[in-house]
Amino acid sequence: MNSTRKLWVGLATLLIASFAVLLWVGGEIHRQQPPMPERVVGPKGEVVFTRQDIETGRQVWQSIGGQQLGSIWGHGGYVAPDWSADWLHREAEAVMDVWAKREAGVDSHTKLAPDVRAAYEARVKAVMRPNTYDERTQTIRLDVDRIAAIEHVAQHYTSLFGNDPATAGLREAYAMRNDTVPDADHRRKLTAFYWWTAWAAVTQRPGSDITYTANWPSDELVGNKPTSSAFVWTVFSVLFLIAGIALLGWHYAVNHGEEMAPTLPKTDPLASIKVTPSMKATAKYFWVVIALFLTQILLGAITAHYQVEGQQAYGFALSDILPYSLTRTWHTQLAVLWIATAWLGMGLYIGPAISGHEPKFQRLGVNVLWVCLLVIVVGAFAGQWLAVMQKLGLERNFWFGHQGWEYVDLGRFWQWFLFIGLGLWLTLVGRSLWPAIRNGGESRSIVMLLFLSTVAIGLFYAAGLMWGEHTSLSMVEYWRWWVVHLWVEGFFEVFAVAVMSFLFTRLGLLQVRTATIAVLFATIVFMAGGVLGTLHHLYFAGTPTAVIALGASFSALEVVPLAYVGFEAYHSYKMGKATPWMQRYRWPIMFFIAVAFWNLVGAGLFGFLINPPLSLYYMQGLNLTPTHGHTALFGVYGMLGIGLMLFCLRGLKPDVEWNEKVLRTSFWAMNIGLAGMALLTLLPLGILQLNAALKHGYWYARSAEFMQQPIVDLLVWMRVPADTIFSVGALALAWFVFRLWVAPRRVAANAAVPARV
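Remember, it's a predicted structure, so these values are computed and weren't measured experimentally.

Peer 1: Let's hear about the overall build of the chain: which residues, and what values?
Peer 2: Helix and strand content of the chain: 27 helices and 6 strands. What you see for the chain is a C-alpha radius of gyration of 27 Å, in line with the 27 Å of a compact globule of 757 residues. Put simply, the chain has 757 residues, and 61% of those count as buried. Between the averaged position of the 56 positive side-chain charges in the chain and that of its 49 negative side-chain charges there is a distance of 12 Å.

Here you go:
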């Protein structure tokens, strides 16, 4: 008990300190974010852009999909270019073309002698990097040559986002539908927004020689190179990683194996749990999980195919109905939604199972919440379709359409609806858990941690409500990663660890005291790097240098608990074979083992590959990012959601024989398919892009010139076998769930099955 109390105190202290620092960083980001000018003017005061132009342009950008169509400051899609980097390079070249035409009588600086061209390249840095923002008048002043260059680039963009035949080839290369922005005035204002994001990327902070985005993106032409802090904190991040794993290894060696082996029950203890009406009602959540999962895979296939055909699917003009930015939006949103639905269903199932208490109207609450989830999915997706097709109007887009922020694209109305739904879920789970907390007992700490993680899941989604329609990009990114990193990767993980620990103690495979100490220790280790590790997403989002220092240090520690999970993987496997009746839970445990593997590979190896500042400086927004994203999001959280779902299904259908062949096919096909997806396409393509970024600059690695090479097309097509294998696994899982309710084969509840993997 004393050890448990110390761990609780340590966890509380850690969380208070970590969130205090995280909130302080938020204040610094707000103070040092790139300024939004009231006017951009020429030498004689002539207006180039107004703040209203830039703000309206941002609304237009959000309405067409925002980060789902190309990216801004590296965050977003991968087929279209990063618009900040693309504009920046085009503007620099256009400035030199203006000089070449006036001073040498040629239409392009590329036709100049090498020594003259080198002089122009030094000169363009002197023009573009100085900060001409006047804080008193909130005005940016530009010279006539740069204004001419801006007009030239703006013409290219207004052509590209319209229906001009001159840029039809680029639209196809970028997977953009014709007339992405049909309104000419909106296209002009969109260029103002893109220009401002590029201005922040090249303009030096007051009193500093680095830009607002810490010299990102890499582009020698404008003098954007990695900062010294990126080098320094990359080295320290490696040292922190080595030290953290060494300390964890020492702790594990000292403490592991001291606990006494539990006396294994002769029969399945979970078989005695009475399935209440509300627990039975959770079955429909798992049906929705399967439906959303299959839909996500279909949309993923369409999204990947757009990379090779651009606007069509085998000759059909699909982009006229489902543009790339929309299929990618739904693909990424569904990934979060089906995984979250699996975990929400698990929470509603496990609450009464833990306490043995069925609160009044619990089943009604479970059913109402299920209906709410369906309404949110259908309503939000309909609004996003109307937005991307430019049928909703800018004045309604923020609330009912497409916010444009990857993973949190829902309109604000639907975000509030989801937040209220999570509040209902928190209430339902909390009221069913409360008797177990009040009654105490050996498992009280695990149940309390489960309850607190439920509270955090319910409340921390509120971070997604902390920005408005015109909040600065830097602050939106700050709060957005609270949702994506802290909510999805943080508190859901704690919830899952607590649930699994409870299940293993109820199965008699772990002593309660041992499990309690292990789950609290794992939570402390995870949160030690997880909370402040959020900042590694913000290195180049217009944030101060402190973000690089803190993000690099603590994101390195995020890998440490993943090693801890790896230590436990084989132990979990042995528990799955400890007694004959445990064969009933073999496949849930196998999915937990897969979680441990992908934690180490996807979240750990591929995550640390891109997380240090110097690595991310070149890799952000390249295909090395989705290498980490796919293997971590599905490999860890998806596999975990499926494993938890299977535990619930075993309880919901205790007397139904499981089709072992179908589950074996599902498990191995999804794991092999995921590995093939990463190793055959995403990883080699990302390495090719990285090489291009190092040689020519980030803009080139994301350009149509690079992305339309035959080798890139070949790598994209190489996804087909892996994607097909993965889809077979998903269909096998769907068939397995379907057969549990349709023509099931019934056997004795405690019957064993052959131990074969």
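Structure's up, so let's keep going.
Peer 1: Residues and numbers for the packing of aromatic side chains, please.
Peer 2: Counting across every chain of the model gives 55 aromatic pairs. Seen from their ring centres, W83 and Y194 are 5.4 Å apart, and the 20° between their planes marks the pair as stacked. Of this pair, W83 sits in helix α3 (residues 83-103) while Y194 sits in helix α7 (residues 184-202), and the two are 111 residues apart along the sequence. No difference in accessibility class separates W83 from Y194, as the two residues are buried. Taking the centre distance of 6.0 Å and the plane angle of 50° together, the rings of W343 and Y637 count as tilted. Separated by 294 residues along the polypeptide, W343 in helix α11 (residues 324-355) and Y637 in helix α22 (residues 624-652) bring together distant segments of the chain. The class for W343 is buried, based on a relative accessible area of 1%. For Y637, a relative accessible area of 8% gives the class buried. An aromatic cluster of at least three residues, connected via ring pairs, comprises W61, W83, W87, Y157, F161, Y174, F193, Y194 and W405. R123 extends its terminal NZ or CZ atom over the ring of Y120, reaching a point 5.6 Å from the ring centre.

Peer 1: Which residues make up empty space enclosed by the protein, and what values do they have?
Peer 2: This structure, assessed with the given rule, holds 7 cavities of 30 Å³ or more. Forming the boundary of the largest cavity are L270, I273, M346, Y349, I350, A353, F502, L503, Y585, F647, C648 and G651. The dominant element in the lining of the largest cavity, judged by the number of residues it contributes, is α11, at 4 residues. In terms of residue class, the lining of the largest cavity is built from 11 nonpolar, 1 polar and no charged.

Peer 1: Could you give me a rundown of the environment of S553, with the residues and numbers involved?
Peer 2: Tracing the chain through its elements places S553 in helix α18 (residues 545-557). For the pair S553 and I140, spaced 413 residues apart in sequence, the C-alpha to C-alpha distance is 36 Å. Not counting residues up to four positions away in its chain, the partners in contact with S553 are W233 and F240. A polar atom in the side chain of S553 sits 2.8 Å from the backbone oxygen of A549.

Peer 1: Describe the packing of helix α14 (residues 412-439) against helix α15 (residues 444-460), naming the residues involved and giving the relevant values.
Peer 2: Where α14 meets α15, the closest approach of the two axes is 8 Å, and the angle between their N-to-C directions is 165°. Overall, the two elements α14 and α15 adopt an arrangement that is roughly antiparallel. Here α14 runs over α15; the crossing is left-handed. Together, F419, L422, W425, L426, V429, G430, L433, A436 and I437 of α14 and R444, V447, M448, L450, F451, T454, V455, I457, G458 and L459 of α15 make up the contact between the two elements. For the contact of α14 with α15, the class distribution of residues is 15 nonpolar, 3 polar and 1 charged.

Peer 1: Can you break down the nonpolar core residue by residue, with the values?
Peer 2: Membership of the largest hydrophobic core comes to 246 residues, with the highest contact counts inside it found for W83, F161, Y194, W195 and W343. If you tally residues by element for this core, the top one is helix α16 (residues 473-506), at 23 residues. Setting aside residues up to four positions removed in sequence, W343 forms contacts with W425, F492, E493, F495, A496, Y637, L640, G641 and L644.

Peer 1: Could you give an account of helix α27 (residues 719-741), naming the residues involved and the relevant values?
Peer 2: Relative to the 33 Å expected for 23 residues at 1.5 Å per residue, α27 spans 34 Å between its end C-alpha atoms, a close match to the ideal helical length. Its buried side turned inward, α27 meets α10 (283-309), α22, α23 (660-696) and α26 (710-717). In the segment just after α27, A743 is the residue with positive phi, at about 55°.

Peer 1: Just give me the short version of the pattern of salt bridges, but keep the residues and values in it.
Peer 2: Under the counting rule described, the total for this entry stands at 19 salt bridges. Linking E55 and R51 is a salt bridge whose minimum nitrogen-to-oxygen distance equals 3.6 Å. Placement of both E55 and R51 in helix α2 (residues 51-63) is noted, with a separation of 4 residues, approximately one turn of the helix. A relative accessible area of 7% means that E55 is categorised as buried. With relative accessibility at 28%, the residue R51 sits in the partly exposed group. The residue D145 makes a salt bridge to R102 at a minimum N-O spacing of 2.8 Å.

Peer 1: A description of the sheet that holds strand β2 (residues 47-50) should follow, citing residues and the corresponding values.
Peer 2: Reading across from one edge, β2-β1-β6-β5 is the order of the 4 strands in this open sheet, with mixed pairing throughout. Edge positions in the open sheet fall to β2 and β5 (133-134), since each of these has one partner strand only. Strand direction decides the pairing type here: strand β1 (residues 39-41) and strand β6 (residues 139-141), joined by 3 bridges, are parallel. Opposite V40, over in β6, you have I140 as the bridge partner.

Peer 1: So what about the environment of K274? Which residues, and what values?
Peer 2: Tracing the backbone through its elements, the reader meets K274 in the loop between α8 (228-255) and α9 (277-281). For K274 and L652, which are 378 residues apart along the polypeptide, the C-alpha to C-alpha distance reads 9.8 Å.

Peer 1: Describe the packing of α16 against α22, naming the residues involved and giving the relevant values.
Peer 2: For the pair α16 and α22, the least separation of the axes is 11 Å and the interaxial angle reads 35°. As for how α16 packs across α22, the hand of that crossing is left-handed. For the pair formed by α16 and α22, the contact residues are V488, E489, E493, A496, V499, M500 and L503 on the first element and V636, Y637, L640, L644 and F647 on the second. Its residues assigned to classes, the contact of α16 with α22 comprises 10 nonpolar, no polar and 2 charged.

Peer 1: Mind laying out α2, listing which residues take part and the relevant values?
Peer 2: Spanning 13 residues, α2 covers 18 Å between terminal C-alpha atoms, matching the ideal 18 Å at 1.5 Å per step. By the criterion of burial, α2 is predominantly enclosed, with 11 of the 13 residues buried. Turning to α2, the residues buried within the fold contact β2, β3 (71-72), α7, α12 (362-388), α13 (394-400) and α16. Looking one or two residues past α2, G65 carries a phi angle of roughly 125°, positive in sign.

Peer 1: Any details on the side chain of S229? Residues and values, ideally.
Peer 2: Relative to the helices and strands, S229 is located in helix α8. Residues contacting S229, with those up to four places away along its chain left out, are T545 and I548.

Peer 1: Describe in detail unusual backbone geometry, supporting the description with residues and values.
Peer 2: The amide bond that connects W216 to the next residue, P217, takes the cis arrangement and shows omega of 5°. In this structure, P217 sits in the loop between α7 and α8. Located in the positive-phi region is Q138, a residue other than glycine, with phi close to 55°. The residue Q138 is located in the loop between β5 and β6 in this model. A positive phi is found at A214, a non-glycine position, where the angle reads about 55°. A relative accessible area of 6% places A214 in the buried class.

Peer 1: I'd love a proper account of the pairing of β2, names of residues and values included.
Peer 2: By the bridge criterion, 3 bridges tie β1 to β2 in an arrangement that is antiparallel. Each bridged residue has a counterpart across the sheet, and for R39 the counterpart in β2 is T50. Here β1 folds back onto β2 in antiparallel fashion, the turn holding 5 residues, of which G45 has a positive phi close to 90°.

The rules we used
Residues numbered from 1 in each chain as written. Predicted model: local features only at pLDDT ≥ 70, side-chain atom pairs only at ≥ 80, totals over all residues. Heavy atoms only, no water. Helix = DSSP H or I, 4+ residues; strand = E, 2+ residues; numbered from the N terminus. Rg over C-alpha atoms; globule rule 2.2 N^0.38 Å. Buried < 20%, exposed > 50% of the residue type's maximum accessible area, 1.4 Å probe, protein only. Lys, Arg positive; Asp, Glu negative; His and termini not counted. Charge placed at Lys NZ, Arg CZ, Asp CG, Glu CD. Phe/Tyr/Trp six-rings, centres within 6.5 Å; stacked < 30°, edge-to-face > 60°. Lys NZ or Arg CZ within 6 Å of the ring centre and 35° of its normal. 1 Å grid on protein atoms, 1.4 Å probe; cavity = no way out; pocket = protein on both sides within 12 Å on 5 of 7 lines; lining within 4 Å. Points joined across faces, edges and corners; volume = space filled by probe spheres on them. Nonpolar A, V, L, I, M, F, W, Y, C, P; charged D, E, K, R; others polar. Contact = heavy atoms within 4.5 Å. Polar contact = N/O pair within 3.5 Å; in protein donor to acceptor, adjacent residues only side chain to side chain. Axes fitted to C-alpha atoms, helices over the stretch in contact; angles between N-to-C directions. Parallel < 35°, antiparallel > 145°, perpendicular 65-115°, else oblique. Left-handed = near helix turned anticlockwise from the far one by under 90°. Core = buried A, V, L, I, M, F, W, Y, C linked by side-chain atoms within 4.5 Å. Expected span 1.5 Å × (residues − 1). Salt bridge = Lys/Arg side-chain N within 4 Å of Asp/Glu carboxyl O. Pairing = 2+ DSSP bridges.

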